[in-house]
Amino acid sequence: DRNRIVEKEARQEESAVNPDEEYIMVTTAVNFPMYVNHDQAAFKRWGKRRGIKTSILGPSDWDVAAQIAVIEQIISTKPAGLLINGTDPGIAQVINKAVDAGIPTVVYDSDIPGGKHHAFLGTDWYEIGKLQGEAMAKLLNGKGKVAYLGILGMTNMEQGFKGLQDAFAKYPGIQIIGRYDDKANVEEAAHITSDLLGTHPDLAGICGFDAMSGPGIGLAIREANKAGKVKVTAVDWEPEHLQLVKDGIIQHLVGQKRELFTWYGAQFLFDMRHTVNSLSIDDIQAGVVAVPRKVDTGLIEINQSNVAQFLK
Amino acid sequence: MREEKNKREGRKIKIGIEGISKAFPGVKALSDVNLDIYEGEVHALCGENGAGKSTLMKILTGNYLPDQGRILLNDKPVVIRNQAHAQELGISIVYQERSLSGNLTVAENIFTNQQPHNKWGFINKKKLWEQTRLLLQTLDLAIEPNVKVADLSSGLQQMIEIAKALSRNPGILILDEPTASITESETMVLFKVIRELQKKGTSVFYISHRMEEIFQIADRISVLKDGCYQGTFTKQDTSIDEIIRLMVRRELKQARFLSQAKDEVVFEARELTGKGFSDVSFQVFRGEILAFAGLVGAGRTEVARAIFGADPAFFGSISMNGKDLKIGNPSQAIRAGIGYLPEERKEQGLFMNMSIESNIIAGTLDAAAVRSWIHNSKISKIAQIYTNKLGIKSSTVKQKVNELSGGNQQKVVLAKWLLLNPSLLIVDEPTHGVDVGAKMEIYHILHELAKAGTTIILISSELPEILTLSDRILVMRNGRIATELNKRETTEQEILAYASGIYQNTKTEKLLTN
Amino acid sequence: MKRLLRDREVSLSLSIVAICIVASVTWPNIFPTFDNISQLLLNLSIDSIVAVGMMILLISGSFDLSVGSVVAFCGGLTAYLLYYQGMFPLPAILIGLAAAGLVGLLNGYLVAKAGINPMIQTLAMMGIIRGAALMISGSGIQNLPPDFNVFGQSKFLAIQSPVWIMFVVVLIFHLLVSRNIMFRKYYYIGGNEKAAVLSGINVKKLKIIAFVLTSLLAGLAGILLASRLGAALGTSGRGMELRVITAVILGGASLSGGEGKVVGALLGTVFIGVVSNIMIIARVSGYWQDIVLGIILIAAVGMDIAFNRPAGISLKTYLRNLTIS
Amino acid sequence: MKRLLRDREVSLSLSIVAICIVASVTWPNIFPTFDNISQLLLNLSIDSIVAVGMMILLISGSFDLSVGSVVAFCGGLTAYLLYYQGMFPLPAILIGLAAAGLVGLLNGYLVAKAGINPMIQTLAMMGIIRGAALMISGSGIQNLPPDFNVFGQSKFLAIQSPVWIMFVVVLIFHLLVSRNIMFRKYYYIGGNEKAAVLSGINVKKLKIIAFVLTSLLAGLAGILLASRLGAALGTSGRGMELRVITAVILGGASLSGGEGKVVGALLGTVFIGVVSNIMIIARVSGYWQDIVLGIILIAAVGMDIAFNRPAGISLKTYLRNLTIS
Ligand SMILES: Nc1ncnc2c1ncn2[C@@H]1O[C@H](COP(=O)(O)OP(=O)(O)OP(=O)(O)O)[C@@H](O)[C@H]1O
Ligand SMILES: Nc1ncnc2c1ncn2[C@@H]1O[C@H](COP(=O)(O)OP(=O)(O)OP(=O)(O)O)[C@@H](O)[C@H]1O
Ligand SMILES: [Mg+2]
Ligand SMILES: [Mg+2]
């Protein structure tokens, strides 16, 4: 009966782990603090727990082509599993290459249309935009001029922007005065924001979409001491973001549960490799993948009310 | 009218220069110059520094367009648009300033614009090198075509410039101070070549500040003074003195300098050895002017640079006033009281994009500063003093040196060193491209220095200069001291004989055998 | 007058003034407000301080690509010492600056003494120091002590301290570079290095000093940034190197050395700052920002050249010469 | 032999070989495999093609910072024409290349004719073209037609086409630059521009050609990248300019011009490619990869210089000279 099955599985897992079994995570901007402290930390933690070798690779700049190059070079070394940061739809091909090479492949963060990867864990950026939009609309009670900061030319942020627009569509009083490229750079974001503050006295709110937008906007707002006067919503919940919420400079944060992307992503890879749940006599023959295809880890919303819970 | 004139002269006019004027901001370089050159004629241009010789030639080569006047080529008026156009017209020039790319080989520099190539434009190296060898042979140069020009001595580089001009076998050849940095023996070779060209009907413009040369090689001589044409004379019915008078508008008496040497050794080199020279030992006395003679590439500059700490010496020692010196770089040398006026003013002497005053003060900023704060007015004052003292022609001391004529540039470098006032001054080709008047002035300046107790080492390729100025002469050959001669009992012939290895005294024989 | 227009500082200031006037007329109650201008200055203060060092390097004929990384590194190190070691601000800042100086020493030594190409040297250093910076500051260091933040957040005469510090730095180095014996020598080194050596200038030593100075100023900028943010971020200063070098060249320097004045560095950053400020007023957003900025940069330099064309050439002939191939 | 070691191409090849041997010994069944090597070459093919153009520019004494943007722009434009306009590959590619050439023409014209500083010109162009690229292809265009992708994905002798194209480009331009009468002139221009003018070389025209060539090659690279990935990335080519220039200088060029060979450009990218490949195999990542790469870069160049020290100076003296200030 069932607890016997469970034991069996447990035993299977233990026995199956062999020393040179290596799971590799490939991202871009590998040193990017948010990635290091959430995705990579959780991935490493998972490896320690399971006593399994994990490696993290990728270029240090935001360079998708280089990320693809790394994946291509990894494939020929046949790792036990590939955990890939879905940075750009352009990586679909190399994902398929990995899958065709018979490597368990999981994508996280943003899904890759046209990718044959076995599973995806992440959040819908459109949703992120929508939530931010609604929060901002509430903060402005439905009217005022709003500016958008983010990295232009990045798919997930484009989707985010779309979500934002759709959210605002319900509020004719809200007007987006422009989209600005802060190149994921604090100084740029601060620069643009303070120029906006200086030149649009009637600016009511700013929405930040990359990890550096929040801190940059925050800096400018503080220096112009417009805290609270101009509403700010942003993505991510790095310590500096939380601090800004606590100081009442950022009103609303929409964050992802990045830890879950990689922890469960790794687990999926492991389960595939070890056919922990075989749904048929031979899943590969049957063309069955015994892990969830798409997981939405959901979002975290942070504001004055709950920020204390996140500040360590 | 012109036709008649030709008939009268009985010779065909190759180029006619008619009423040419050219002004630069602040100076009228040429005003209404008329002169012409016959086919197969060597036509010398004389004039002080800044008289406009180079400017006139640069108009013929399309570097400048004249403000007024016209050029006739074979009696047909032409507008020479640019250098390439001039080359098409068969006009080629040896510029006063270097126009070589040091990063390239001798062959590539000589055939810059017309390397032999197939129809795909691929260069035929073998052919290129053959052609180069031939050309170098006509100039008696034992250089491989694939040597990088940067590795050659300035003298050799000058010969390469000449080869480059010849390579286009031009109908009109312009030589702007070709002998400024080469020695007598190379000059002889050059003259041989010129004579042959002359036979083939090539017209040659020859610019030089060396009167003897001009009277050796030229058929006719034209004189410019402050951009104004002073007239043309056939060699037979004029004299050096007359030409000089026209050039400088005043009498220049040949000075006879008597030795200022005290019998106190100021500087001594023992068995000095380095790149390009070996086992060089000598002494210099206070107030003495010691000359280094030798052919191009004899290694004189190398010796000087080694003493000055600009290049490392591999072996040997030097001492100043009896005390041994360890010199790692020029600033140490200067602190020890040694100065070196380099032979390549553009590459090593001048800051071309800076003003005259900045150049003069370059070595002694603290002279113009109070507690290390510079007073620009002081700089100007000092610069003014020295420009007057050396008679540097310029609109102001703020003028950039790259706008000065060659000779005036040389004076600027000299001024820098006078200001530093070292106790041992090494001057390498100090009158390189300096006009007769200025040359005399520089001689006097150097002599005055000597009188004031400065010791001077003179590296010169101009034997008359050596014989006028020096007290003692060391002749170098292949990087070794061939012999020591006393100015009073030696002659140009003897110096040349030692420099080229025809004579070898016992000492050098020993050196050469082991 | 003609003479005056010839130097870049004057022509650049004039074009800045011109642009400002136009902007003030077009947006009288947006552009020329005290808030806007002081914010504008605050934004370019960090870049300007770095630009001063870069100008000196460019005058001497080399440049430094590692400044951006040094900004992050020095800020991070100082924050680390303050937050994790509980140091007092002053010692922390001094140690931070010392570290920055060391980076400069390494750059200078390897370029001047070992003769490594400055491009490769400083680019490599850029990577090395960026790595170090990220290691130290990890996810960024927050909650820096208030008595450190005053340094970059306090105001004087209603203007933020970074602006004052910028002005002081520019002033001091402008005086030094234009009047001081040692600094004057950089023009000679940049003008003709061989000749400088033969004139007894200790080129190597001076080059090293220039690199150290540049790093120190970058370090100062990093500390200022950290104390402005009240936090140190490992990613700060990304892409700063090219931005600053452009500003400096716009301000009259040349990659071949020997040219430029320190105020030029300030004017360069101001020009770019003003333009981007106006673009935001003018609702230029998104993709267009870089495009417009690029065009204006080219236009500015192009016009400057056209005005300083060799005397005696009419603008008409000048333009004709441009057109005919 | 000594003579031979003197040119960078030889010394660099030797160090590459040395590194490869060490790697092959350490990871006998990972590094020296056919898969890995061909993958390695594939990854550096794009950079190498750009590097060839950059080398020619550097030989002539200038450089181009806009290549990275041109890569994105040209790839994006071609993808746009294919995807939204449903064009056939060939015309789309040709239009893309033509656009790239135009960018180069603009750069060359404004640098050579109007005399705008190449740094400012190409940096401004970098912004302009990046903006244009983002406008055209937004966040990138996926699912490009297969008959376009063959261009970059087909194999010949088990090696991907980009590698072959790279080799062809390098070969052709190496021959041209080392032997062809026109390309040879770039050495004169870079060596001594004044002298080149005085010798009657049409410097301006040649400079413009060099810029056009560089842009065309960058365009080709962009198209190859797009067809290799089957998609045009919005962010492709970011930071490529510095990477490529470094590789080229590592390969023997100098910012002051007149030096370098086209194979050097290839060797430079190969060196960097091999090092980063080994770092991947050795699982060096995160902060360390930039640090290690930086140190290796400096070490490589430093050793090269030490070996080519002036004749007659012993390594011992050389090192001593380095130590004493
Ligand atoms: N590019 C220039 N810009 C401004 N002034 C110039 C320029 N070239 C020459 N001059 C001036 O024109 C005058 C003539 O110069 P030029 O070089 O023709 O004299 P030169 O006779 O060749 O003198 P030298 O014998 O020293 O070579 C000088 O006063 C010089 O300062
Ligand atoms: N035949 C040659 N082939 C190649 N290089 C040569 C030759 N002769 C001399 N050189 C170069 O010239 C250097 C010596 O020239 P240097 O200028 O020191 O002699 P110099 O007597 O000062 O000649 P100059 O009269 O030109 O000043 C040598 O170190 C070498 O680099
Ligand atoms: Mg002259
Ligand atoms: Mg010499």
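Here the structure is a predicted model, which means the values were calculated and not measured. (Residues numbered from 1 in each chain as written. Chains lettered and ligands numbered in written order. Predicted model: local features only at pLDDT ≥ 70, side-chain atom pairs only at ≥ 80, totals over all residues. Heavy atoms only, no water.)

**Some thoughts on the coordination of the magnesium ion (ligand 3)**
Residues and elements named next belong to chain B. Let me state the cut-off plainly: Listed donor atoms are N, O and S within 2.8 Å of the metal (Na, K and Ca: 3.2 Å). As water is not included, a site may look incomplete. A run of DSSP states H or I qualifies as a helix once it reaches four residues; a run of E qualifies as a strand once it reaches two. Both are numbered from the N-terminal end. The classification of residues rests on relative accessible area computed with a 1.4 Å probe and restricted to protein chains. Under 20% of the type maximum is buried, over 50% is exposed, and intermediate values are partly exposed.
Protein coordination at the magnesium ion (ligand 3) comes from S54 (OG) and Q96 (OE1), with a distance range of 1.9 Å. Pair noted here: S54 is in helix α2 (residues 53-60) and Q96 is in the loop between β6 (91-94) and α4 (106-110), with a separation of 42 residues, a long-range link. The buried category is assigned to Q96, whose relative accessible area is 16%.

**Quick notes on the pairing of strand β3 (residues 81-85) of chain A**
Residue and element names in this part refer to chain A. Note the following rule: Two strands qualify as a pair provided that DSSP identifies no fewer than 2 bridges between them. When the strands point away from the viewer, a crossover counts as right-handed if the path from the first strand over the helix to the second runs clockwise.
A large share of β3 lies buried, amounting to 5 of its 5 residues. Taking every second residue as pointing to the same face, both faces of β3 are buried, with G81, L83 and N85 on one and L82 and I84 on the other. In terms of strand pairing, strand β1 (residues 22-26) meets β3 through 4 bridges, oriented parallel. Within the sheet, the bridge partner assigned to I24 lies in β3 and is L82. As judged from the 4 bridges shared by β3 and strand β4 (residues 105-109), these two strands associate in the parallel manner. In the sheet register, N85 faces β4, and the bridge partner there is Y108. Handedness of the β-α-β unit built from β3, helix α4 (residues 92-100) and β4 comes out right-handed.

**Structural notes on the relation of the copies chain D and chain C**
The test is simple: The least-squares superposition of copies is restricted to C-alpha atoms, and to residues with a pLDDT of at least 70 in both copies. We call two residues in contact when some of their heavy atoms are within 4.5 Å.
Once chain D is rotated about the relating axis by 180 degrees and shifted along it by 0.0 Å, it coincides with chain C to within an RMSD of 0.4 Å. Accordingly, the operation relating the two chain copies is best matched by a two-fold axis. Measuring from the rotation axis to each C-alpha of chain D, the shortest distance belongs to S256 of chain D, at 4.0 Å. Most of the interface of chain D is mirrored in chain C, where 98% of its interface residues are also at the interface.

**Side note on the coordination of the magnesium ion (ligand 4)**
All names here are of chain B. At this site the magnesium ion (ligand 4) is bound by T301 (OG1) and E343 (OE), with donor distances of 1.8 to 2.3 Å. Of this pair, T301 sits in helix α10 (residues 300-308) while E343 sits in the loop between β16 (338-341) and α12 (345-349); the two residues are 42 residues apart in sequence, bridging distant segments of the chain. Of the two residues, T301 and E343, neither departs from the other in class, the shared state being buried.

**Description of the site of ligand 2**
Residues and elements named next belong to chain B. Under the convention used in this document: Near, as used in this document, describes a residue that has one of its heavy atoms within 4 Å of the molecule or strand being considered. Definition of a polar contact: a pair of N or O atoms within 3.5 Å, with one able to donate and the other able to accept a hydrogen when the atoms are protein atoms, and with sequence-neighbouring residues admitted only if both atoms are side-chain atoms. Using a 1.4 Å probe, the Shrake-Rupley method yields the accessible areas, and only the shown protein chains count as cover for residues.
Lining the immediate environment of ligand 2, one finds 19 residues, of which D151, R300, T301, E302 and E343 sit closest. Between ligand 2 and A298 there is a distance of 3.2 Å, counted from an oxygen atom to a backbone nitrogen or oxygen. In the environment of ligand 2, an oxygen atom lies 2.6 Å from a nitrogen or oxygen atom belonging to the side chain of E343. Bound to the protein, ligand 2 loses 81% of the 620 Å² it would expose on its own.

**Regarding the domain arrangement of chain B**
Residues and elements named next belong to chain B. For the record, the criterion: Marked domain ranges trace back to an automatic or database domain assignment. Here's the idea: put two parts together, see how much 1.4 Å probe accessible area each one loses, and the total over both is what we call buried area. Salt bridges are defined by distance alone: a side-chain nitrogen of Lys or Arg within 4 Å of a carboxyl oxygen of Asp or Glu.
Split by domain assignment, chain B resolves into domain 1 (13-83 + 203-249) and domain 2 (265-348 + 421-512). Inter-centroid distance (C-alpha atoms) of domain 1 to domain 2 is 35 Å. At the junction of the two partners, domain 1 supplies 9 residues and domain 2 supplies 8 residues. Both sides together, the interface formed by domain 1 and domain 2 hides about 660 Å², and carbon and sulfur atoms give 56% of it. For the domain 1 face of the interface with domain 2, the top three residues by lost area are N49, H209 and R210, together amounting to 66%. For the interface between domain 1 and domain 2, the tally reads 1 salt bridge. For E462, the salt bridge identified is with R210, shortest N-O distance 3.4 Å. For the pair domain 1 and domain 2, the interface holds 2 residue pairs in polar contact (both at pLDDT 80 or more).

**Here's the deal with the pattern of salt bridges**
A full pass over the atoms with the stated rule returns 45 salt bridges over all chains. A salt bridge links D166 of chain A to K162 of chain A, with the shortest nitrogen-to-oxygen separation between them at 3.6 Å. Separated by 4 residues within a single helix, D166 of chain A and K162 of chain A lie in helix α6 (residues 155-169), roughly one turn from each other. By relative accessible area, which is 26% here, D166 of chain A ends up partly exposed. With relative accessibility at 45%, the residue K162 of chain A sits in the partly exposed group. A salt bridge links E18 of chain B to R70 of chain B, with the nearest nitrogen and oxygen atoms 2.9 Å apart. Linking E18 of chain B in strand β1 (residues 13-24) with R70 of chain B in strand β4 (residues 68-73), this pair joins segments that are 52 residues apart in sequence. Three or more residues are tied together by salt bridges with common partners; here these are R210, E213, K439 and E462 of chain B.

**Details of the interface of chain D and chain C**
Facing 44 residues of chain D, the contacting portion of chain C comprises 43 residues. For the pair chain D and chain C, the summed buried surface comes to about 3,700 Å²; carbon and sulfur atoms form 80% of the total. Together, I120, Y287 and I298 of chain D form the three largest contributors to the area buried by chain D at its contact with chain C, with a combined 17%. Scanning the region where chain D abuts chain C turns up 0 salt bridges. For the interface between chain D and chain C, the tally reads 0 residue pairs in polar contact (both at pLDDT 80 or more). Of all the secondary-structure elements, those providing two or more residues to the side of chain D that touches chain C are α5 (89-113), α6 (118-137), α12 (240-250), α14 (287-307) and α15 (315-323) of chain D.

**A closer look at the nonpolar core**
Spelled out, the test is: Buried residues of nine kinds, namely Ala, Val, Leu, Ile, Met, Phe, Trp, Tyr and Cys, make up a nonpolar core once their side-chain atoms join them within 4.5 Å.
L82 of chain A, F267, F282 and I338 of chain B, F173 of chain C together with F173 of chain D are the most contacted members of the largest nonpolar core, which has 347 residues in total. Here L82 of chain A is in contact with I24, V26, I71, I74, I75, A98, I103, P104, T105, V106 and L269 of chain A, once residues within four sequence places are set aside. Counting 52 residues, the second-largest nonpolar core is a separate cluster that includes A44, L128, A165 and L173 of chain B.

**Some details on the sheet that holds β3 of chain A**
Residues and elements named next belong to chain A. Where we set the bar: Axis definition: a line fitted to C-alpha atoms, limited for helices to the stretch in contact. Angles are taken between N-to-C directions and run from 0 to 180 degrees.
Overall, parallel pairing links the 6 strands, which are arranged β2-β1-β3-β4-β5-β11 in an open sheet. A strand with exactly one partner marks an edge of an open sheet, and here the two such strands are β2 (53-57) and β11 (294-296). Averaged over all adjacent pairs, the angle separating strand axes in this sheet is 15 degrees, with direction ignored. Bridge analysis of β4 against strand β5 (residues 119-122) gives 4 bridges, and the strand direction is parallel. Pairing of V107 across the sheet is with F120, part of β5. Sheet strands touched by helix α10 (residues 258-273): β1, β3, β4, β5 and β11. Its angle to β4, the strand with the most contacts, is close to 170 degrees.

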